[in-house]
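Listed here are the chains, written in short residue letters.
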Amino acid sequence: MKEKLARLGILSPWGRVLHLPIRYEDETRLYPIKDAPQGESVLVEGEIVESGVKFQGRRILSCRIEDGSGALDARFMNFYPSQVKALAKGKRMRFFGEIRAGFFGKEMIHPKVSSAALPLHEALTPIYPTTAGLSQKKLKALIDEALESVELFDTLPDSVLARFNLEGFEESVRFLHDPSPEALRRDLDERTHPAWVRMKFDELLAQQLSLRLHYRNRRGRNAPVFSGEGRLVSALLESLAFELTKSQKKVFDEICRDLAAGNPMQRLLQGDVGSGKTIVAALAALLAIESGFQAAIMAPTEILAEQHYDKFSKWLKPLGLEIAWLASSLKKKEKEDALSRILLGEAHLAIGTHALFQEQVVFRNLGLAVIDEQHRFGVHQRLALRLKGAELEPHQLMMSATPIPRTLAMSYYADLDVSVIDELPPGRTPVTTKLVSNDRREEVIRKVRDACLEGSQAYWVCPLIEESESLQLQTAMDTHARLVEDFPEIRVGLVHGRMPNIEKAAVMRDFQDGRIKLLVATTVIEVGVDVPNASVMVIEHAERMGLSQLHQLRGRVGRGSVGSVCLLLYQGPLGMTAKERLKAIFESSDGFEISRRDLALRGPGEFMGVRQSGVPMLKYASVDEDEALLEEARGAADMLLEENPDAVNRHLERWLGEKSEYLRV
Ligand code: ADP
Ligand code: MG
C-alpha cells in the first residue's frame, strides 16, 4: 500500500489530505434513458429485459435494460460468474457510465453497476488520480482516515484571508473531498469554486515562498569576489572584429555586479538564437581568471562543446591563457592529461560536455561555471558542478535561447536572476521562411544547388523520428547518398549523433571552413552551431518537429550578411497541432512569441520538463489560467515573509514538507 501511495507522490497523512480529486461524478440523480445527455457519465435505472453471454471474438456479457422512456445495452468484456447472476433478466438495476450511440442503439461499455434498491448518493462522488491496484474506494478510505488524523488548522492569518478574499482551509479541503449535496459539478470540475481557489492559492503561495527563501538563502552564502581591473576583458574586447551590442553590454554589466558582490550568482542569461551569448560568457570567464580562479563552460552536445573550444581558443590563447578540453570520447592518456591540468590549475578554463560533471574532475579553484543551453541539463548535473568549488561556492551563469514566457518565469524561475539580450547584432538579414509541400522537393534541390554554386552553404536536416534514433540515422544516410548523386559538382557532408566524435569534428570543421558546401545532418546540429556563411536551411518533415526546435534550427542560418532562407518541407495531410506549429514558425521570427505559442500548444509540464525545472510542478493551479491568482500569491508571499515568519514555516511545512528535495539547487 505504501508503495502504491508513493507512486502517487503521497508520503504522509498530509500528502493524502492534499491529494485532491481530478473530477466528480454525479450519482445523485437518475436520468430517463431517452433524455440522458451524451458525452458525460450519467446514472440510469431500469429493468433487465435481456441478458446473456455472447461470443464475439471473445466472451462478452451483454444485457439490455428498459425504463419506460427507452432501452439501453450494457456490455462487459471482463466479468465474473457472479456478475452474470446479478444481471439476470427481470432484475431492476442501475448503470452509471457514458452513453454512446452503438450499432443497435444506445449503449454503455463497462458501466458501474448498482442495485436499484439502494438510496441514491446525496452528493457528488470525487474521483481521484490513482494507480494500478488501488481502487477509488480504498483510496478514499485512506484519505478520510487522514482527514481525521491531522489538525486541519489554517496556516494563513485572518488578515491574509480577508485581504485576498479566501475561504478557510479546513472547510475548503473537506468540501473538495466531500462536496455538499448542492454543489454544482461545473464549478468543481472547472476549479472555479471558492474551495478550489483556496487550494490553488495555497499551492502557488508555497511555491512563491520556497523560491523567495531560496533566493534569500543564496544571498546569505559566500562566493569568490572578482574585482580585477578588467585587463583581460579589455584585451579581448580590443581583439574582436565587432563591438558589443547595447544589450550585450547591459547584461555583462549585470553579471559584473553579481560577480563582485561576494554571494553566489545564479543568473539566467536569455537571448534569442544568434543574439551573441557566447562572447558574454567569455568575458565573464575572464573576470574569474583575472582574479585567479578557474572557469568552466559546459555544453550539451560534443559538437557544440568542440565549437566553443575552437572559439575560446581563438579568443583566449592570444592572451596567454590555457584551456583544457574534456569530453567522454577522449583517449585515456588525453583525458588524464586534461584532468591533471584542471587539478593543478594549469588550465584557466575547462570546456566540455557532461564529462565535466564526473567525479574524477577536480578543479583547483573553480570560480565560475557557465552552462550553455541550460534547459538541456538536469538539476542534478547543475548541482554537481556547483559542488566542484573547492572552498567557495562557484558562480553560475546559465544560458538559454528558449525565452520563458512571463508567467512561467514568475513561477518557475523566481529564484534566479534573469538577464535578457533583446537585440541581434547589426548586419543580420532576416531569414525568409517558406513552407514547401514534399511534392515540390525537386524545386528545393535546385534552389540548394544554386545557392551552393554561388558560394553559400546549406544545411539539410533529416526528420526527427521519435521512436527510433537508428531510423533517423538511416534516413540521414539515405538522404546523404541521394544528395551526393544529385550534386556531383558539390561536396556533400554527413553528420549524425552516432558518428565517432573525431569524424564528427572533422566534418564540422570542413563545413566551418567551407570545404563542405552542403551538410546533411540529424537534429544534432539543433543547438548552438554557428557557421555564418551558411544561408540555406532545409528541414525535412518539418511537421514532426517541435516549435522551439524549428526555431533553433532556423537560427542556424541568417548569421551572415547575405539573405538566408529556411525551407520547411512538410508531408500532408497535417494534423491540427502540426498545422499550428508550422503557421507559428512561418508567421514569427521572434523567440518570445514562438515560446508563448509553444507553451500554449504544449502546456507548462512538457514545456519545462519536470526534470529541468527542479521546482515542484503545480498540481492544481495552472500558470496559464491562474495568472491573477499567481500575482496575488506573490503579494501574499511578500506580506508573510515580512510580517509573519511563523506562518511561512507552517505553510511550507504543509505544502512542501515531503517535496523539499525538489527545491532548486
Ligand atoms: P547565441 O546567442 O545563439 O549563442 P552566438 O554567441 O553563437 O549566439 O553568436 C552568434 C554569432 O554572432 C557569432 O558568430 C558571434 O561571433 C557573433 N556576434 C556576437 N556578438 C556580436 C556583435 N556584437 N556583433 C557582431 N557579431 C556578433
Ligand atoms: Mg549559443
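Everything quoted here is computed from the prediction, not taken from an experiment.

Time to look at the site of ligand 1. Around ligand 1, the surrounding shell holds 17 residues, and the nearest of these are E243, G274, T278, R428 and D530. Contact between ligand 1 and Q248: a nitrogen atom at 2.9 Å from a side-chain N or O atom of the residue. Here an oxygen atom of ligand 1 sits 2.6 Å away from a polar atom, N or O, in the side chain of D530. In terms of residue class, the shell around ligand 1 is made up of four nonpolar, six polar and seven charged.

Aromatic ring pairs: the centre-centre distance and the angle between the two ring planes describe each pair. Counted according to the given criterion, the structure contains nine aromatic pairs. Centroid distance F164 to F201: 5.6 Å. Interplanar angle 40 degrees. Geometry classified as tilted. Here F164 is found in the loop between helix 5 (158-163) and helix 6 (169-177), whereas its partner F201 is found in helix 8 (residues 194-219), with 37 residues between them in sequence. For the residue pair F164 and F201, the accessibility class agrees, reading buried in each case. Measuring from centroid to centroid gives 5.7 Å for F312 and W315, while their planes differ by 70 degrees, and the two rings are edge-to-face. Highlighted residues: F312 and W315, both in helix 12 (residues 302-316), separated by three residues, approximately one helical turn. Exposure remark for F312: the relative accessible area of 0% places this residue in the buried category. Above the ring of F169, the side-chain terminus of R654 is found at 4.3 Å from the ring centroid.

A few words now on the nonpolar core. Among the nonpolar cores identified, the biggest contains 126 residues, and L349 and L397 are the most heavily contacted of them. Within the second largest apolar cluster, 29 residues are counted, among which are V495, V531, L550 and V557.

Spatially, 12-13-11-14-15-10-16 is the arrangement adopted by the seven strands of the open sheet, whose pairing is parallel. Since the sheet does not close on itself, it has two edges, and those belong to strand 12 (323-326) and strand 16 (417-421), each with one partner. On average, each strand axis in the sheet is inclined to that of its neighbour by 20 degrees, with strand direction left out of account. Taken strand by strand, helix 11 (residues 277-290) contacts strand 10 (266-271), strand 11 (294-298), strand 13 (349-352), strand 14 (366-371), strand 15 (395-400) and strand 16, and its axis lies near 170 degrees from that of strand 15.

What counts and how
Along every chain, residues carry numbers that run from 1 in the direction the sequence is written. As they are written, the chains are lettered A onward and the ligands numbered 1 onward, keeping that order. Two thresholds apply to this predicted model, a pLDDT of at least 70 for residue-level local features and 80 or more for giving and counting side-chain atom pairs, whereas whole-chain, interface and lining totals are computed over all residues. Note that the side-chain values use all heavy atoms of the structure and ignore hydrogens as well as water. A cutoff of 4 Å decides nearness: a residue is near a molecule or strand if any of its heavy atoms lies inside that distance of it. We call two N or O atoms a polar contact when they sit within 3.5 Å, provided that within protein one can donate a hydrogen and the other can accept it, with sequence-adjacent residues counted only if both atoms are side-chain atoms. Under the grouping applied here, Gly and all other residues not named as nonpolar or charged are polar, the nonpolar ones being Ala, Val, Leu, Ile, Met, Phe, Trp, Tyr, Cys and Pro and the charged ones Asp, Glu, Lys and Arg. Pairing of aromatic rings covers Phe, Tyr and the six-membered ring of Trp, with a centre-to-centre limit of 6.5 Å; geometry is then stacked below 30 degrees between planes, edge-to-face above 60, and tilted otherwise. Helix and strand labels come from DSSP, where a helix needs a run of H or I of at least four residues and a strand needs a run of E of at least two; each type is numbered from the N terminus. The buried label applies to any residue whose accessible area, calculated with a 1.4 Å probe on protein chains only, is under 20% of its type's maximum; exposed applies above 50%, and partly exposed to all values in between. Distance and angle both matter: a charge sits over a ring if NZ of Lys or CZ of Arg is within 6 Å of the ring centre and within 35 degrees of the ring normal. Only buried Ala, Val, Leu, Ile, Met, Phe, Trp, Tyr and Cys residues count toward a nonpolar core, and they belong to the same one when joined by side-chain atoms within 4.5 Å. For two strands to pair, DSSP has to find at least two bridges joining them. Axis definition: a line fitted to C-alpha atoms, over the contacting stretch in the case of helices. Angles run 0 to 180 degrees between N-to-C directions. Note on contacts: a residue pair is in contact if any heavy atoms of the two residues lie within 4.5 Å.

Read these as geometric descriptors, not functional statements.
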